[in-house]
Amino acid sequence: MFAIAYASYSTVDAGKLDLDGIAREAAVKNAALGITGYLCYDHGVFFQYLEGERHTVLELMDSIEKDPQHDVINKVILGEYDQRVFPDWSMRYLNRSDLRRVDLEHVLEHSLFHMDSKLYGQENIVALIRALAANIAARQAHLKAA
Ligand SMILES: Cc1cc2nc3c(=O)[nH]c(=O)nc-3n(C[C@H](O)[C@H](O)[C@H](O)COP(=O)(O)O)c2cc1C
(Lines give C-alpha, C1' and ligand atoms only; values in the text may rest on other atoms or scores of the structure.)
Protein backbone atom coordinates (compact mmCIF):
# COMPACT_ATOMS: atom_id res chain seq x y z
CA MET A 1 0.00 0.00 0.00
CA PHE A 2 1.36 3.38 -1.05
CA ALA A 3 0.37 6.76 0.41
CA ILE A 4 0.74 10.38 -0.53
CA ALA A 5 -0.45 13.62 1.13
CA TYR A 6 -0.58 17.17 -0.11
CA ALA A 7 -1.67 20.65 0.82
CA SER A 8 -3.19 23.01 -1.70
CA TYR A 9 -4.92 26.32 -1.68
CA SER A 10 -8.35 26.72 -3.13
CA THR A 11 -8.77 28.92 -6.19
CA VAL A 12 -12.55 29.01 -5.71
CA ASP A 13 -14.39 31.41 -3.38
CA ALA A 14 -15.31 29.63 -0.16
CA GLY A 15 -19.00 30.36 -0.80
CA LYS A 16 -18.86 28.63 -4.18
CA LEU A 17 -16.89 25.63 -3.05
CA ASP A 18 -18.92 22.41 -2.94
CA LEU A 19 -16.85 20.40 -0.49
CA ASP A 20 -19.40 17.69 0.06
CA GLY A 21 -19.79 17.39 -3.70
CA ILE A 22 -16.03 17.09 -4.26
CA ALA A 23 -15.76 14.48 -1.50
CA ARG A 24 -18.82 12.54 -2.69
CA GLU A 25 -17.61 12.38 -6.30
CA ALA A 26 -14.11 11.52 -5.14
CA ALA A 27 -15.45 8.71 -2.94
CA VAL A 28 -17.31 7.13 -5.88
CA LYS A 29 -14.25 7.26 -8.16
CA ASN A 30 -11.88 6.18 -5.41
CA ALA A 31 -14.03 3.18 -4.55
CA ALA A 32 -13.64 2.00 -8.15
CA LEU A 33 -9.88 2.68 -8.03
CA GLY A 34 -9.30 1.08 -4.63
CA ILE A 35 -8.16 4.40 -3.16
CA THR A 36 -8.93 5.41 0.43
CA GLY A 37 -8.16 8.47 2.56
CA TYR A 38 -9.51 11.76 3.82
CA LEU A 39 -9.84 15.38 2.81
CA CYS A 40 -9.78 18.46 5.06
CA TYR A 41 -10.50 22.04 4.19
CA ASP A 42 -10.15 25.17 6.28
CA HIS A 43 -9.76 28.84 5.39
CA GLY A 44 -8.87 28.20 1.77
CA VAL A 45 -6.48 25.34 2.42
CA PHE A 46 -7.01 21.70 1.49
CA PHE A 47 -5.16 18.79 3.00
CA GLN A 48 -5.66 15.36 1.48
CA TYR A 49 -4.32 11.92 2.33
CA LEU A 50 -4.51 9.23 -0.37
CA GLU A 51 -3.56 5.56 -0.14
CA GLY A 52 -3.83 2.65 -2.52
CA GLU A 53 -1.84 0.84 -5.15
CA ARG A 54 1.27 2.93 -5.98
CA HIS A 55 0.61 3.41 -9.68
CA THR A 56 -3.08 4.23 -9.09
CA VAL A 57 -2.31 6.78 -6.35
CA LEU A 58 0.31 8.53 -8.49
CA GLU A 59 -2.02 8.64 -11.49
CA LEU A 60 -4.89 10.03 -9.40
CA MET A 61 -2.54 12.58 -7.84
CA ASP A 62 -1.65 13.74 -11.36
CA SER A 63 -5.27 14.37 -12.23
CA ILE A 64 -6.00 16.04 -8.87
CA GLU A 65 -3.04 18.36 -9.45
CA LYS A 66 -4.50 19.42 -12.79
CA ASP A 67 -7.83 20.35 -11.18
CA PRO A 68 -8.31 24.13 -11.57
CA GLN A 69 -10.22 24.33 -8.26
CA HIS A 70 -6.94 24.43 -6.36
CA ASP A 71 -3.17 24.85 -6.59
CA VAL A 72 -1.12 22.10 -5.00
CA ILE A 73 1.78 23.65 -3.15
CA ASN A 74 3.30 20.84 -1.11
CA LYS A 75 3.17 17.15 -1.89
CA VAL A 76 4.71 14.49 0.33
CA ILE A 77 5.33 10.89 -0.71
CA LEU A 78 4.64 8.87 2.44
CA GLY A 79 5.87 5.68 0.89
CA GLU A 80 4.78 2.10 1.41
CA TYR A 81 2.56 0.82 4.22
CA ASP A 82 1.88 -2.79 5.19
CA GLN A 83 -1.82 -2.09 5.28
CA ARG A 84 -4.30 0.72 4.74
CA VAL A 85 -4.80 3.28 7.50
CA PHE A 86 -8.35 4.09 6.29
CA PRO A 87 -9.84 0.90 4.83
CA ASP A 88 -13.40 2.20 5.35
CA TRP A 89 -13.05 5.70 3.87
CA SER A 90 -13.15 5.96 0.07
CA MET A 91 -12.70 9.68 0.67
CA ARG A 92 -13.88 11.04 3.97
CA TYR A 93 -14.35 14.80 4.25
CA LEU A 94 -13.35 16.01 7.73
CA ASN A 95 -14.50 19.48 8.70
CA ARG A 96 -13.27 21.48 11.66
CA SER A 97 -15.82 20.05 14.06
CA ASP A 98 -14.87 16.52 13.00
CA LEU A 99 -11.25 17.37 13.78
CA ARG A 100 -12.34 18.76 17.14
CA ARG A 101 -14.05 15.44 17.84
CA VAL A 102 -10.80 13.60 17.28
CA ASP A 103 -8.84 16.24 19.25
CA LEU A 104 -6.99 17.43 16.18
CA GLU A 105 -8.46 20.87 15.65
CA HIS A 106 -5.03 22.48 15.85
CA VAL A 107 -3.61 20.30 13.16
CA LEU A 108 -4.74 22.37 10.22
CA GLU A 109 -2.81 25.41 11.35
CA HIS A 110 0.29 23.30 11.26
CA SER A 111 -0.68 21.55 8.11
CA LEU A 112 1.64 20.73 5.31
CA PHE A 113 0.82 24.13 3.86
CA HIS A 114 3.24 25.70 6.31
CA MET A 115 5.77 22.95 6.37
CA ASP A 116 8.98 23.59 4.55
CA SER A 117 11.14 20.50 4.27
CA LYS A 118 14.24 22.67 4.64
CA LEU A 119 12.95 23.82 8.02
CA TYR A 120 11.35 20.63 9.31
CA GLY A 121 13.25 17.91 7.49
CA GLN A 122 11.50 15.64 5.02
CA GLU A 123 11.62 12.56 7.29
CA ASN A 124 10.04 14.54 10.12
CA ILE A 125 7.22 15.69 7.87
CA VAL A 126 6.59 12.13 6.68
CA ALA A 127 6.63 10.85 10.28
CA LEU A 128 4.25 13.61 11.37
CA ILE A 129 1.71 12.94 8.63
CA ARG A 130 1.87 9.19 9.27
CA ALA A 131 1.27 9.82 12.99
CA LEU A 132 -1.58 12.19 12.18
CA ALA A 133 -3.27 9.64 9.92
CA ALA A 134 -2.85 6.89 12.53
CA ASN A 135 -4.38 9.20 15.14
CA ILE A 136 -7.40 9.99 13.01
CA ALA A 137 -7.87 6.32 12.16
CA ALA A 138 -7.65 5.35 15.84
CA ARG A 139 -10.37 7.86 16.73
CA GLN A 140 -12.77 7.13 13.90
CA ALA A 141 -15.35 5.87 16.37
CA HIS A 142 -15.75 9.47 17.64
CA LEU A 143 -16.93 10.64 14.22
CA LYS A 144 -20.38 10.36 12.77
CA ALA A 145 -20.75 7.71 10.13
CA ALA A 146 -19.89 9.17 6.72
C1 LIG B 1 -9.27 19.13 -3.19
C2 LIG B 1 -9.66 18.11 -4.22
C3 LIG B 1 -9.58 16.76 -3.93
C4 LIG B 1 -9.95 15.80 -4.86
N5 LIG B 1 -9.87 14.48 -4.54
C6 LIG B 1 -10.21 13.55 -5.44
C7 LIG B 1 -10.12 12.17 -5.14
O8 LIG B 1 -9.73 11.77 -4.03
N9 LIG B 1 -10.48 11.29 -6.10
C10 LIG B 1 -10.95 11.68 -7.33
O11 LIG B 1 -11.26 10.83 -8.16
N12 LIG B 1 -11.05 12.97 -7.63
C13 LIG B 1 -10.70 13.92 -6.73
N14 LIG B 1 -10.81 15.24 -7.05
C15 LIG B 1 -11.29 15.59 -8.40
C16 LIG B 1 -10.15 15.47 -9.40
O17 LIG B 1 -9.30 16.59 -9.26
C18 LIG B 1 -10.65 15.45 -10.83
O19 LIG B 1 -11.57 16.47 -11.03
C20 LIG B 1 -11.31 14.16 -11.18
O21 LIG B 1 -10.59 13.06 -10.73
C22 LIG B 1 -11.40 14.11 -12.69
O23 LIG B 1 -12.15 13.02 -13.01
P24 LIG B 1 -12.56 12.80 -14.53
O25 LIG B 1 -11.28 12.82 -15.30
O26 LIG B 1 -13.24 11.47 -14.49
O27 LIG B 1 -13.49 13.94 -14.87
C28 LIG B 1 -10.44 16.21 -6.13
C29 LIG B 1 -10.52 17.56 -6.42
C30 LIG B 1 -10.14 18.52 -5.48
C31 LIG B 1 -10.25 19.97 -5.80
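The text that follows walks through the structure, step by step, so that each part is easy to find.

Cut-offs used in this document
- Counting restarts for each chain: residues are numbered from 1 in the order of the written sequence.
- Owing to the predicted nature of the model, reporting of local features is limited to residues with pLDDT of at least 70; listing and counting of side-chain atom pairs is limited to 80 or more, with chain, interface and lining totals taken over all residues.
- Values reported for side chains reflect all heavy atoms of the structure, with hydrogen atoms and water molecules removed beforehand.
- Note on conventions: DSSP H or I runs of at least 4 residues are helices, E runs of at least 2 residues are strands, and numbering of each starts at the N terminus.
- Per-residue accessibility, obtained with a 1.4 Å probe over protein chains only, is compared with the maximum for each type, and a residue is labelled buried under 20%, exposed over 50%, and partly exposed between these values.
- Lys and Arg are tallied as positive, Asp and Glu as negative. Neither His nor the chain termini are counted.
- Salt bridge, as applied in this entry: a Lys or Arg side-chain nitrogen positioned within 4 Å of an Asp or Glu carboxyl oxygen.
- Counting of polar contacts relies on pairs of N or O atoms within 3.5 Å, with two restrictions inside protein: one atom must be capable of donating a hydrogen and the other of accepting it, and residues adjacent in sequence are counted only when both atoms are side-chain atoms.
- By definition in these notes, contact holds between two residues if any of their heavy atoms fall within 4.5 Å.
- Near is defined per residue: the residue qualifies when any heavy atom it owns lies within 4 Å of the molecule or strand.
- Per-residue and other accessible areas follow the Shrake-Rupley method at a 1.4 Å probe size, with only the shown protein chains counted as cover for residues.
- Charged residues are taken to be Asp, Glu, Lys and Arg, nonpolar residues to be Ala, Val, Leu, Ile, Met, Phe, Trp, Tyr, Cys and Pro, and polar residues to be all remaining types, Gly included.
- Strand pairing is defined by DSSP finding a minimum of two bridges between the two strands.
- By nonpolar core is meant a set of buried Ala, Val, Leu, Ile, Met, Phe, Trp, Tyr and Cys residues that side-chain atoms within 4.5 Å join together.

### Some words on the side chain of Glu51
Then comes step 1: Along the polypeptide, Glu51 turns up in strand 3 (residues 45–52).
Then comes step 2: Summary of buried charges: Glu51 has no salt-bridge partner, and the nearest side chain of opposite charge, Arg84, is 4.7 Å away.
Then comes step 3: Side-chain polar atoms of Glu51 contact the side chain of Tyr49, separated by 3.2 Å.
Then comes step 4: Here Val85 takes part through its backbone nitrogen, which lies 2.9 Å from a polar atom of the side chain of Glu51.
Then comes step 5: Discounting chain neighbours no more than four positions away, the residues touching Glu51 are Phe2, Ala3, Gly34, Ile35, Thr36, Val57, Arg84, Val85, Phe86 and Pro87.

### Digging into the site of the ligand
Then comes step 1: With respect to spatial proximity, 16 residues lie near the ligand, and among them Ala26, Lys29, Asn30, Gln48 and Asp67 are the closest.
Then comes step 2: At a separation of 2.9 Å, an oxygen atom of the ligand approaches a polar side-chain atom of Gln48.
Then comes step 3: Considered on its own, the ligand offers 620 Å² of accessible surface; in the complex 72% of this is hidden by protein.
Then comes step 4: Of all the secondary-structure elements, those providing two or more residues to the shell around the ligand are helix 1 (19–33), strand 3 and helix 2 (54–65).
Then comes step 5: The greatest single-element share of the shell around the ligand, amounting to four residues, is contributed by helix 1.
Then comes step 6: For the shell around the ligand, a count of residues per class yields nine nonpolar, five polar and two charged.

### Topic: the pairing of strand 2 (residues 36–42)
Then comes step 1: When you tally the buried positions in strand 2, you get seven out of seven residues, the bulk of the element.
Then comes step 2: Residues of strand 2 alternate between two faces, with Thr36, Tyr38, Cys40 and Asp42 on one and Gly37, Leu39 and Tyr41 on the opposite face, all of them buried.
Then comes step 3: In this structure, strand 2 lies alongside strand 3, joined through seven bridges in antiparallel fashion. Bridging from a neighbouring strand, Tyr38 pairs with Tyr49 of strand 3.
Then comes step 4: Sheet topology places strand 2 next to strand 5 (residues 92–94); three bridges connect them, and they run parallel. Residue pairing for strand 5: Cys40 is matched across the bridge by Leu94.

### Remarks on the nonpolar core
Then comes step 1: Among the nonpolar cores identified, the biggest contains 27 residues, and Tyr38, Phe47, Tyr49, Leu78, Phe86 and Ile129 are the most heavily contacted of them.
Then comes step 2: Going through the elements one at a time, strand 1 (2–10), strand 2, strand 3, strand 4 (70–80) and helix 5 (122–138) are the ones with two or more residues in this core.
Then comes step 3: If you tally residues by element for this core, the top one is helix 5, at seven residues.
Then comes step 4: Apart from the residues lying within four places of it in its own chain, the contact partners of Phe47 are Ala5, Tyr6, Tyr38, Leu39, Cys40, Leu112, Ile129 and Leu132.
Then comes step 5: Membership of the second largest hydrophobic core comes to 19 residues, among which are Tyr6, Phe46, Val57 and Tyr93.

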